[in-house]
There are 2 protein chains.
Amino acid sequence: MPGSIKEIARIANVSRGTVDRALNGRPGVNKEVAKRVKEIAKSMGYKPNVVAKALATHRKPTIIGVVINSEGNPFFDDVLAGINAAKDEIFDFGVNVVVKRMKGYDPTQQLDLIRSLAEEGLDALAITPVSDSLIRDELNSLVADGVKVVCFNLDLAGVHYIAYVGCDYFKSGETLGGMIGFVTGGKALLGVIACTNNLEGHRKRIEGCRSVLKREYPESRIVDIIEAEDNDEIAYEKTMKMLLEHQEMNALCFNAGGTSGGLRAVRELGLENKFKIFTFDMTPVVIDSIKKGIVQSTICQQPFEQGYQSIKILFDALMNNHLPEVDHIYTELNVKIRYNI
Amino acid sequence: MPGSIKEIARIANVSRGTVDRALNGRPGVNKEVAKRVKEIAKSMGYKPNVVAKALATHRKPTIIGVVINSEGNPFFDDVLAGINAAKDEIFDFGVNVVVKRMKGYDPTQQLDLIRSLAEEGLDALAITPVSDSLIRDELNSLVADGVKVVCFNLDLAGVHYIAYVGCDYFKSGETLGGMIGFVTGGKALLGVIACTNNLEGHRKRIEGCRSVLKREYPESRIVDIIEAEDNDEIAYEKTMKMLLEHQEMNALCFNAGGTSGGLRAVRELGLENKFKIFTFDMTPVVIDSIKKGIVQSTICQQPFEQGYQSIKILFDALMNNHLPEVDHIYTELNVKIRYNI
DNA sequence: ATGAAAGCGCTAACAT
DNA sequence: ATGTTAGCGCTTTCAT
């Protein structure tokens with residue numbers, strides 16, 4: 001049973017109100033008294049009871065806003081599940097989580113969503129930030145107003161956030177390189193279906209893969225890279241074209257969305273069992289293709305955790321004034337094959 | 001703002017005490033009244049506030065006991081970390097987690113630990129059960145006394161637990177088989193360093209591996225299996241002997257402990273780079289060996305989650321009377337290679 | 001600057 | 001069987 005505010009008050013010979021003010025840095029308390037109270041608290045190893053704190057603060061609910069590029073991208077379903085799990089856990093602490101979903105990567109649209117959240121008043125924000133200075137500046141202005149910010153899944157340089165929660169993209173690319181080496185016996189002539197070259201993370205992913213192939217599997221190389229912009233139609237067209245142009249290819253990698261469209265092209269050319277195919281994440285089409293043996297492996301980045309941790313970190317910052325030790329929290333990268341999916 | 005007990009009391013024209021009794025199935029309340037109260041609660045979608053509930057119950061602390069075979073097995077360090085993380089989270093809810101560690105798999109020793117916990121009084125128990133009817137019966141007698149039980153990492157048939165939290169051992173073996181196929185090009189002549197044939201889980205692991213090799217990689221087979229009993233000295237001796245006896249072998253798999261000793265034998269015979277080597281879990285020696293390229297892959301079972309979830313499930317059962325939907329909660333199996341470790 | 005007191009939603013001891 | 005009341009540990013008015 002750790003000491004309570006009441007006990008400190010008794011020892012310090014002040015009222016509980018004063019102890020509360022002193023310990024929480026609230027105004028209107030004598031410096032000397034504050035110091036004494038803090039010392040007593042420290043000496044007895046006092047830890048505030050978060051449950052009691054939450055109950056007392058319950059009157060005016062705290063709000064955590066979320067802006068997420070989830071529309072039309074099944075990857076984010078698990079991220080949202082994580083967000084909702086955290087939401088349920090902290091609801092009774094008087095914290096409300098408000099989610100705004102968006103489609104695609106338009107900065108002005110994202111800006112609108114941030115502002116609409118800000119207008120209704122918010123204490124913290126979790127966001128998958130679009131790479132644009134508009135967003136960066138808006139987030140920093142929120143931070144200046146005392147709003148706690150976490151970026152998740154996508155990092156954005158220059159934002160004064162509490163933390164980035166997501167994968168290490170370079171490492172995810174290296175892991176891909178390693179699996180390609182294993183599966184092809186080091187002899188991969190690889191076609192890459194990428195997202196768009198505008199996203200730094202996705203560029204790094206390709207670099208990671210390239211570096212491993214070059215260093216460890218010199219008989220392998222990336223033959224061609226196309227940009228499918230997470231769009232199945234584009235992926236279909238461009239994959240088809242790429243496969244026809246590069247008859248020497250024997251492996252494909254889907255770095256982001258468009259897997260469904262790209263695989264259709266492979267199927268129509270009768271290459272399903274001739275190619276070694278690799279993907280990222282665990283969307284329904286990926287699961288299905290792995291089970292059928294069409295896709296050899298996929299690399300996951302703990303989407304549920306990305307959502308869950310983002311909210312829990314903000315909660316911890318709001319309620320307990322506790323910040324994570326590092327500001328880059330990398331979720332695990334996990335390889336899934338046919339048998340552990 | 002969901003309704004409160006106070007509001008229900010007002011609508012039902014009874015006191016808050018009666019509402020509390022009715023909603024929690026406590027004795028001493030008229031059937032008719034109880035029914036009416038429940039209906040009102042339901043109609044307004046009432047959810048009890050767990051924070052307030054915890055604070056009110058705070059006076060007599062709840063106790064969750066833990067019995068874990070962790071001594072001398074670094075695998076369990078992460079499991080313990082998960083247990084402690086959960087412990088910190090629920091401490092302010094007035095729930096105390098008391099951990100008893102033990103070494104090895106002696107049923108009578110485990111029985112003593114369970115009983116010593118029971119004597120001090122406990123509301124729930126998380127345990128890595130030794131496969132013995134002594135343990136099974138003792139756990140069931142606790143269950144009969146109203147103690148909630150979760151088994152983690154090891155399953156034990158016949159125990160009326162809330163849940164088993166751990167990996168699917170057969171699947172873990174299949175995953176091993178899949179990775180062996182990838183890395184060796186389907187041509188593995190495998191030596192297995194197992195734990196002991198007495199543990200059902202570890203038997204299933206071997207069966208899973210064998211089934212995949214047989215079905216998918218007919219040029220592969222298990223040449224020999226030795227039992228190292230999680231002991232490095234035994235592992236060293238037996239691995240050495242096995243390697244000398246089976247010159248045709250080209251791959252090794254460490255299914256449990258003893259990795260350090262076994263690898264020493266491999267090193268001394270100068271086979272480190274000639275063999276493809278596979279392990280389970282992520283102990284320091286495994287991490288080191290993977291980074292050096294000596295071990296090709298390891299298969300992890302989310303040890304942290306096993307500890308964390310076990311405690312959280314018991315907490316949820318105790319505080320919110322909420323049971324998991326399924327009684328087998330399988331943690332993810334994840335493949336780690338050099339680049340995503 | 002400090003103290004006193006009310007109250008967050010619930011439980012539990014005590015009355016009736 | 002039901003109502004009343006005190007209190008869990010903390011925050012937040014309202015006095016002083």
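Residues numbered from 1 in each chain as written. Chains lettered and ligands numbered in written order. Predicted model: local features only at pLDDT ≥ 70, side-chain atom pairs only at ≥ 80, totals over all residues. Heavy atoms only, no water.

Considering the overall build of chain A
When its secondary structure is counted, chain A shows 13 helices and 12 strands. Along the longest, intermediate and shortest principal axes, the C-alpha atoms of chain A span 85 × 40 × 30 Å. Nonlocal contacts in chain A, meaning residues at least 24 apart in sequence, comprise 70% of its contacts between residues at least 6 apart. A distance of 7 Å separates the average location of the 41 positive side-chain charges in chain A from that of its 44 negative side-chain charges. (Helix = DSSP H or I, 4+ residues; strand = E, 2+ residues; numbered from the N terminus. Contact = heavy atoms within 4.5 Å. Lys, Arg positive; Asp, Glu negative; His and termini not counted. Charge placed at Lys NZ, Arg CZ, Asp CG, Glu CD.)

Things to note about the nonpolar core
If you look at the biggest cluster of nonpolar residues, it comprises 94 residues, and the most contacted ones within it are Leu125 of chain A together with Leu125, Leu139 and Met179 of chain B. The residues touching Leu139 of chain B, leaving out its near neighbours within four places in the chain, are Ile114, Leu125, Ile127, Pro129, Val149, Cys151 and Val159 of chain B. With 58 residues, the next largest nonpolar core counts Ala54, Ile90 and Ala317 of chain A together with Val165 of chain B among its residues. (Core = buried A, V, L, I, M, F, W, Y, C linked by side-chain atoms within 4.5 Å. Buried < 20%, exposed > 50% of the residue type's maximum accessible area, 1.4 Å probe, protein only.)

Comments concerning the pattern of salt bridges
Counting across every chain of the model gives 34 salt bridges over all chains. Taking the shortest distance from any N to any O, the salt bridge between Lys312 of chain A and Glu89 of chain A comes out at 2.8 Å. In this pair, Lys312 of chain A is assigned in helix H13 (residues 303-320) and Glu89 of chain A in helix H5 (residues 75-91), connecting sequence segments 223 residues apart. For Arg215 of chain A, the salt bridge identified is with Glu216 of chain A, shortest N-O distance 3.2 Å. What emerges from the salt-bridge pattern is a single network uniting Glu89 and Lys312 of chain A together with Glu89 and Lys312 of chain B. (Salt bridge = Lys/Arg side-chain N within 4 Å of Asp/Glu carboxyl O.)

As for the environment of Ser310 of chain A
Residue and element names in this part refer to chain A. Here Ser310 shows up in helix H13. C-alpha separation for the pair Ser310 and Val149, spaced 161 residues apart in sequence, amounts to 9.4 Å. Among all residues touching Ser310, those that are not within four sequence positions of it are Ala126, Val150, Phe152, Val165 and Glu305.

Notes on the protein's contact with DNA strand C
Surrounding DNA strand C, one finds 29 residues, the nearest of these being Asn30 of chain A together with Ile5, Arg16, Asp20 and Tyr46 of chain B. Taken together, the sugar and phosphate atoms account for 63% of what DNA strand C places within 4 Å of the protein. In this structure, Thr18 of chain A approaches DNA strand C through a side-chain N or O atom, which is 2.9 Å from a phosphate oxygen. Contact distances for DNA strand C include 3.2 Å between a base nitrogen and a backbone N or O atom of Ala52 of chain B. (Near = heavy atom within 4 Å. Polar contact = N/O pair within 3.5 Å; in protein donor to acceptor, adjacent residues only side chain to side chain.)

Examining the packing of aromatic side chains
Residues and elements named next belong to chain B. One pass over the structure, following the stated rule, counts 9 aromatic pairs over all chains. With a centroid separation of 6.3 Å and 75° between ring planes, the pair formed by Tyr164 and Tyr330 is classed as edge-to-face. Pair noted here: Tyr164 is in strand E5 (residues 163-166) and Tyr330 is in strand E11 (residues 328-330), with a separation of 166 residues, a long-range link. Here the aromatic rings of Phe304 and Tyr308 are separated by 6.1 Å at their centres, their planes lie at 20°, and the arrangement is stacked. In this pair, Phe304 and Tyr308 both sit in helix H13 (residues 303-320), 4 residues apart, roughly one turn of the helix. (Phe/Tyr/Trp six-rings, centres within 6.5 Å; stacked < 30°, edge-to-face > 60°.)

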